[in-house]
Amino acid sequence: MTVSYTLKVAEARFGAFSGLLFRWRGSIYKLLYREFLLFCALYATLNITYRLLLTQEQKRIYAQVARYCNRSADLIPLSFVLGFYVTLVVNRWWSQYTSIPLPDQLMCVISASVHGVDQSGRLLRRTLIRYANLASVLVLRSVSTRVLKRFPTMEHVVDAGFMSQEERKKFESLKSDFNKYWVPCVWFTNLAAQARRDGRIRDDIALCLILEELNKYRAKCGMLFHYDWISIPLVYTQVVTIAVYSFFTLSLIGRQFVESDKESSPAPWYLDMFVPLTTLLQFFFYAGWLKVAEQLINPFGEDDDDFETNQLIDRNFQVSLLSVDDMYQNLPPTEQDLYWD
Amino acid sequence: MTVSYTLKVAEARFGAFSGLLFRWRGSIYKLLYREFLLFCALYATLNITYRLLLTQEQKRIYAQVARYCNRSADLIPLSFVLGFYVTLVVNRWWSQYTSIPLPDQLMCVISASVHGVDQSGRLLRRTLIRYANLASVLVLRSVSTRVLKRFPTMEHVVDAGFMSQEERKKFESLKSDFNKYWVPCVWFTNLAAQARRDGRIRDDIALCLILEELNKYRAKCGMLFHYDWISIPLVYTQVVTIAVYSFFTLSLIGRQFVESDKESSPAPWYLDMFVPLTTLLQFFFYAGWLKVAEQLINPFGEDDDDFETNQLIDRNFQVSLLSVDDMYQNLPPTEQDLYWD
Amino acid sequence: MTVSYTLKVAEARFGAFSGLLFRWRGSIYKLLYREFLLFCALYATLNITYRLLLTQEQKRIYAQVARYCNRSADLIPLSFVLGFYVTLVVNRWWSQYTSIPLPDQLMCVISASVHGVDQSGRLLRRTLIRYANLASVLVLRSVSTRVLKRFPTMEHVVDAGFMSQEERKKFESLKSDFNKYWVPCVWFTNLAAQARRDGRIRDDIALCLILEELNKYRAKCGMLFHYDWISIPLVYTQVVTIAVYSFFTLSLIGRQFVESDKESSPAPWYLDMFVPLTTLLQFFFYAGWLKVAEQLINPFGEDDDDFETNQLIDRNFQVSLLSVDDMYQNLPPTEQDLYWD
Amino acid sequence: MTVSYTLKVAEARFGAFSGLLFRWRGSIYKLLYREFLLFCALYATLNITYRLLLTQEQKRIYAQVARYCNRSADLIPLSFVLGFYVTLVVNRWWSQYTSIPLPDQLMCVISASVHGVDQSGRLLRRTLIRYANLASVLVLRSVSTRVLKRFPTMEHVVDAGFMSQEERKKFESLKSDFNKYWVPCVWFTNLAAQARRDGRIRDDIALCLILEELNKYRAKCGMLFHYDWISIPLVYTQVVTIAVYSFFTLSLIGRQFVESDKESSPAPWYLDMFVPLTTLLQFFFYAGWLKVAEQLINPFGEDDDDFETNQLIDRNFQVSLLSVDDMYQNLPPTEQDLYWD
Amino acid sequence: MTVSYTLKVAEARFGAFSGLLFRWRGSIYKLLYREFLLFCALYATLNITYRLLLTQEQKRIYAQVARYCNRSADLIPLSFVLGFYVTLVVNRWWSQYTSIPLPDQLMCVISASVHGVDQSGRLLRRTLIRYANLASVLVLRSVSTRVLKRFPTMEHVVDAGFMSQEERKKFESLKSDFNKYWVPCVWFTNLAAQARRDGRIRDDIALCLILEELNKYRAKCGMLFHYDWISIPLVYTQVVTIAVYSFFTLSLIGRQFVESDKESSPAPWYLDMFVPLTTLLQFFFYAGWLKVAEQLINPFGEDDDDFETNQLIDRNFQVSLLSVDDMYQNLPPTEQDLYWD
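Analysis parameters
Residues numbered from 1 in each chain as written. Chains lettered and ligands numbered in written order. Predicted model: local features only at pLDDT ≥ 70, side-chain atom pairs only at ≥ 80, totals over all residues. Heavy atoms only, no water. Contact = heavy atoms within 4.5 Å. Buried area = accessible area lost by both parts, 1.4 Å probe. Salt bridge = Lys/Arg side-chain N within 4 Å of Asp/Glu carboxyl O. Helix = DSSP H or I, 4+ residues; strand = E, 2+ residues; numbered from the N terminus. Least-squares fit on C-alpha atoms with pLDDT ≥ 70 in both. Axes fitted to C-alpha atoms, helices over the stretch in contact; angles between N-to-C directions. Parallel < 35°, antiparallel > 145°, perpendicular 65-115°, else oblique. Left-handed = near helix turned anticlockwise from the far one by under 90°. Nonpolar A, V, L, I, M, F, W, Y, C, P; charged D, E, K, R; others polar. Patch = residues over 30% accessible without salt bridge, like charges linked within 9 Å, V, L, I, M, F, W, Y side chains within 5 Å. Areas by Shrake-Rupley, 256 points an atom, 1.4 Å probe, with all protein chains shown as cover. Buried < 20%, exposed > 50% of the residue type's maximum accessible area, 1.4 Å probe, protein only. Phe/Tyr/Trp six-rings, centres within 6.5 Å; stacked < 30°, edge-to-face > 60°. pLDDT = per-residue confidence, 0-100. Polar contact = N/O pair within 3.5 Å; in protein donor to acceptor, adjacent residues only side chain to side chain.

Caption draft 1: Broad picture of the interface of chain D and chain A. Every contact between the two is made by 98 residues of chain D and, on the other side, 95 residues of chain A. Across the chain D/chain A interface, buried area totals approximately 8700 Å², and carbon plus sulfur atoms make up 68% of it. Applying the counting criterion to the chain D and chain A interface returns two salt bridges. Residue assignment for the side of chain D that touches chain A shows that the elements contributing at least two residues are helix 1 (28-53), helix 3 (78-99), helix 4 (104-113), helix 10 (204-229), helix 13 (277-296) and helix 14 (309-324) of chain D.

Caption draft 2: Structural view of the relation of the copies chain D and chain A. Its rotation angle being 72°, the transformation that places chain D on chain A also includes 0.0 Å of axial translation and leaves an RMSD of 0.1 Å. Here the symmetry operator amounts to a five-fold rotation axis. Scanning chain D for the C-alpha nearest the rotation axis identifies Ile205(D), at a separation of 5.6 Å. Here only 7% of the contact residues of chain D are again contact residues in chain A; the copies associate through non-equivalent surfaces.

Caption draft 3: Structural context of the packing of helix 4 (residues 104-113) of chain A against helix 10 (residues 204-229) of chain A. Residue and element names in this part refer to chain A. Two elements in contact, helix 4 and helix 10, have axes separated by 9 Å at closest approach and are oriented at 165°. Viewed along their axes, helix 4 and helix 10 adopt a mutual orientation that is roughly antiparallel. Between helix 4 and helix 10 lies a crossing of left-handed hand. In this structure, helix 4 uses Gln-105, Leu-106, Val-109 and Ser-113 to contact helix 10, whose residues at the interface are Ala-206, Leu-209, Ile-210, Glu-213, Leu-214 and Tyr-217. Among the residues making up the contact of helix 4 with helix 10, the classes are represented as seven nonpolar, two polar and one charged.

Caption draft 4: Representation of a nonpolar patch on the surface within the structure. Together, Phe14(A), Leu38(B) and Leu42(B) line one region of the surface with nonpolar side chains, adding up to about 270 Å² of accessible area. Among the secondary structure elements, Leu42(B) is positioned in helix 1 (residues 28-53). By relative accessible area, which is 41% here, Leu42(B) ends up partly exposed.

Caption draft 5: Focus on the relation of the copies chain B and chain C. Overlay of chain B on chain C (RMSD 0.1 Å): rotation 72°, translation along the axis 0.0 Å. A share of only 6% of interface residues in chain B that are also interface residues in chain C marks the association as one of differing surfaces.

Caption draft 6: Spatial organisation of the packing of aromatic side chains. In total, this model carries 140 aromatic pairs over all chains according to the counting rule given. Centre to centre, the rings of Trp24(D) and Tyr33(D) are 6.0 Å apart; their planes meet at 45°, and the pair counts as tilted. Ring centres of Phe247(E) and Tyr286(E) lie 5.3 Å apart, and the angle between their planes is 70°; this geometry places the pair in the edge-to-face category. Here the residue Phe247(E) occupies a position in helix 11 (residues 234-254), and Tyr286(E) occupies one in helix 13 (residues 277-296), the gap between them amounting to 39 residues.

Caption draft 7: Representation of the interface of chain B and chain C within the structure. With 97 residues of chain B in contact, the opposing surface of chain C contributes 94 residues. In total, chain B and chain C occlude about 8700 Å² of area from one another, counting both sides; carbon and sulfur atoms represent 68% of this. Scanning the region where chain B abuts chain C turns up two salt bridges. In this structure, Arg126(C) and Asp337(B) form a salt bridge, with 2.8 Å as the shortest nitrogen-oxygen distance. Among the secondary structure elements, those contributing two or more residues to the side of chain B that touches chain C are helix 1, helix 3 (78-99), helix 4 (104-113), helix 10 (204-229), helix 13 (277-296) and helix 14 (309-324) of chain B. Broken down by class, the residue content of the side of chain B that touches chain C amounts to 55 nonpolar, 26 polar and 16 charged.

Caption draft 8: Region of the structure containing the arrangement of the chains. Nothing in chain C touches chain D, and the closest approach of their C-alpha atoms is 11 Å. The closest approach of any C-alpha atom in chain A to one in chain E is 11 Å; the two make no contact.

Caption draft 9: View of the confidence of the model for chain A. Residue and element names in this part refer to chain A. Confidence along chain A averages 86 in pLDDT terms, with 93% of residues attaining 70 or more. Of the regions scoring below 50 in pLDDT, residues 261-269 engages in 11 contacts with residues more than four places distant in sequence or in other chains. Both scores are available for the predicted complex, with the pTM at 0.92 and the ipTM at 0.92.

Caption draft 10: Fine view of the side chain of Asn316(D). Residue and element names in this part refer to chain D. Relative to the helices and strands, Asn-316 resides in helix 14. For Asn-316, the side chain forms a polar contact with the side chain of Arg-315, separated by 3.1 Å. Sequence-distant contacts of Asn-316, defined by excluding residues within four places in its chain, comprise Pro-101, Leu-102, Pro-103 and Asn-133.

Here it is as structure tokens:
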């Protein structure tokens, strides 16, 4: 489930964000603890090797290697590349969210423009809105792993009531190498045109409005598909990943507390700590920043913080059927309001 | 209340922004003084402990720890991550503000297109605009803590005149797991369609225009809901918070004026100040920058600088009723203007 | 008056921008010279005190304080916070400019759709466009100090011909705590609806088009009002201001050329300059950058570079009356063009 | 083929991005290995020359040159200029992708509004949508090297069925120095107008809707053309390229492990490594970052990660013909859905 | 002429951008060589003065000044301010390009909606589109130095066929302090309204569509005018320019290879080079970055890379006349396409 926490920090009171540090679901700890343990294990191994197994001469050489690694790590401008990269990923992430098609506009227009309380009027409205929902299910199946798990085959889509067996046959008879989410949209337009001919839609303008709303809906389906098809160029992601990983590999070696320090320049600030606090902090910081990107680069996965696509599909289907059918011309009585005259 | 101060700095005269430093409402001082006092208290405690309680040997060790912390603090690129993060938060904040639905467009269109000076004409126009206002109240209740305090139950919404008892029953009979702000919108469209049938709306184009404006209005309600549901990913906020907090924890330890400095390298620039001015300045700077994010991440709370949602609701209701009812066909006489030929 | 200089740098010829350094109106010198003089005066005072009044022992202590300040100043990442803050301010500044409502679209539509060359046709078109202009004057009065100076009371608005006495009475009889710029918009829609009934507007689509354009116009008025009401959060501005001011306070103390340098480490690079060139340069640079923000944060003030709101109001009123009245159906004869063949 | 990899990183599980490092297609390795080998070869040559051929005196001079180069390399703020430049390029890249015209909206509208199941109705619909596809082929030919390879002459466009011989003659009889992608759009509008006259399009609003959708389609074609015509200013690209190239030239010389180090200051941290690990890492990092820009600056080339323009053209043509012809009024039977009553 | 080079770098092959370094037109070399020569000349003068004319004592002082300058130069965060400033300029540059009005949409709509193959039908369509072109010429004259050179007086506009003598008289009889590009737009709307009355435009919706397209066209003209009127605030440009210029002034003095280095600390890394390679590189880098801004701040000048406004005007006029006149109802015969079966 999406992690909504802003209500908890509605006021900027004392240490507002500190409360957020004690959460587990969707937290940096949950995302990062495995990498963290691995990093610690590797660090400890190296540390023990150094302290117990190396000869004095080997230690001296190691110390040189460590210094070299340390200086190397400083030459990688991690914060720059992470700042720009994460900004890019976050912008895409939000655009993807706003591209999830919602039938609300469409259902308002259908409810107002497609008339008839009889059986065939109901059928018409329900079928129109069902087609719209079907299109979004089809595109979300190809985009979201959660939705694909729920609807592994077209049979599941039929079983869930988004499609009839007849429609499925027709749908599958059309061959295309690409996603066929546009098929229900074309059905929609044809059905709307037919409704206009039959007088269920009473005027040309209403038809025009419905088609325009459908186009907006379809455009959002298309955007979702495009965001899925065209990833952030692999090279960029690789550059960032290599930068972060090599930084930590260098840190692993370079941040050991080596003895030779003491000998050559017994600086007063030398301190042999067994736990490299700073390095762990840096790990949390940089690896966490990268995790932001890892989590958001595909917000249709099954991370704690990914979009609740299945709930959204259910909500959309339920709400849209409700509003074009049960609520059609089913108005509360209009009465004078409190401030009447 | 929102803090508007730009009028005070309309001219870029001598030290224009300096005047802004002496404000309390919505200021950094008000937001930060508790954290600041805590920080000072901790610093003082540590300082006293160091000076009075530690032995010479302990002091020497402490000095090493302090140096280590000091260098560690420098390795966290706070300004980078804060710069990018705060930019993200500020952009979301402004988008949220512009998503607050305003009925102005809708009321102009209704006033121009829904006709009849008689009782039922008035009732129709008032009911339509009331539904629109109701939708925004419903969504703001779920988003803004201020509005929820004002309308803790649906009963309060009814009492405030946004809803009749009949409507409330109908509204509550509809079951949905999600926010039901769309219900009044569907009522609106149905009522508008009915008005078209009754000839109160005289042509199809006017109906179409009303539906389009309603859709824009509803889209804004939807955006508010989405901004509330989908927070900035928790990981990002945690990364930033951990970075800032650990920076100050390290500063707390590392910025003490330790004696061993003097001994080992009696540098001429050593200075034992009891008040760590720089560190406090840095605290103000970085913690203040984080406070910007804390305050804006949920602009619907009760901070000094959060949006005045309750006033806006009142303004919208008052203004929209006024313009569709009292002002309907109530025009000042048209006369020749000053520059008439 | 707005300072337009791009024509001067249309070509990227030799030292193109250098020419811009010798301007006074709207320049950094004009905006900054007072702060600059103050800074120099304080620096000189401190310098003289140090050289003439302090004992050798005091000088030694001062040298330590200076060093401490110097290192402190380096810890404030001014360029980061200024970069992000000024970018935010500049974006808002341009959005505010593009939000200034222009009647050009509206006047074209009115000129094409509201018919009649007789007295009442003229009156109708002039009144409609006058209402639109009135709305923008009302909102600009509350936003721009220049416009408020020109129209301190509603009486002045009436005197300038934007409003008749009758309209003013009606306007003032409506009570609202918020800006009432929407009132003329509602009048506009009602008058347009009446014109449609009277057949002055010949078809529903033309009315619809006029209402849509009015809504766009009103939306811009609304945006201006919102930009004025919701400032950039005070905290952000304060953080930036405190950062810049404390940087310069620290520089003032720390950048003095203190003697003790020479004694302890008579570095060959020591240089006793009486004028702290670097510091002054930094002052110009950082304080100038902040001045960009100070000037743009409210572009409706009376700075050299602020928007020419009064001229715009005049231009809009003149142009829009011209085009709906004098130019109505007053076309140059259509003749065959040069390439007719 | 475009490299879509986000599905592989849908979950932010353990070391999510690490899996991306072992890909070849579209990877940084494939893009960079030639430059990398060249860099290594040059480095090795220089290294061997230094170790084997230089006299002791020459080595001493070389050491000075190396130090000078090393310090020089640090003075170029590569990460800044790369960060801003790559952000610009990535934004343009995505805008270009979203500018690729898709006929989906148009085909829905044509299918709903252009009537007749007879021969001439089919012909009309097919011709309209073919014109739209033709326009996009014409513009993509001038933009994409892949598409130009597929359609080197207009004859190829005719052979592929996008154009008839008659149309080609007419098209070629029109002279213009600029791309003529707008010609099929004008044909489209004229044909649509004719269809309206013939009653194939039954009402004015449908025609208006078709024209509006065509205009959106044409606008996208135009944007593609503009993005191709107006490159990112050459100067900017040159500045970035010079910066990166000179950085590596300086590194080549400066990062050699020179002996004189040892002599003058036999620091304990000196380490004679034959492989300059850090420098190679930096090379990967900075050159890889530049490669992101190189790959995206023209996304219509034949890189692994460039857009699949030819597949898109095929998909669009196939899908649009299908939906305006085969699917026209070819609806699955409407039946009651699963949740009826 | 605009410099389009992306086709040359369509593939990210070996050293893709390196090819761009050997171009002259629009290159950094062409833009920068004069400044570069000046910089070298000044550097050489100073160098010779130092080596030949100064006494030993003067050299010692100079060395101190140089060190001071060197450290000062490092305190100016050039890359920050340039990064943010150039990003701002580049965004404005592209927005300005997309604001250039193109008549393509308008000509499609006119061709489809304004009927009649007779003389007066042709005249009507040609006149309408000519008015649109005239508006863009009028606004481009005030914006682009190239266009102003081509049309120094209104007489030239008449001679070029954009305006008749009658129209010019009418145009000049209207007085306004601001640009009058809106006048032909008002003529356009009046002429369109008249065409509707005469039945040349057959329905209200077509008229509405034409007016909407005209409004979009006019809005772009307006944006061009605004971008010209409201420059980036002078202060910002001055801050950046002062920063760059003072950086190079300081470099000029500070980067001389002074002898006293050697004496006081005969570091092994000292190197007396007569050509300050690094400094020249930095000059190329920073001054080149500034040149990007200089070139783009007014893209309507006569730089190599500025927009080809005159060609665009010609193209627009030619294409739009062609499509509303010659191509009107001049369709290729519709035949069955290749995939008909």
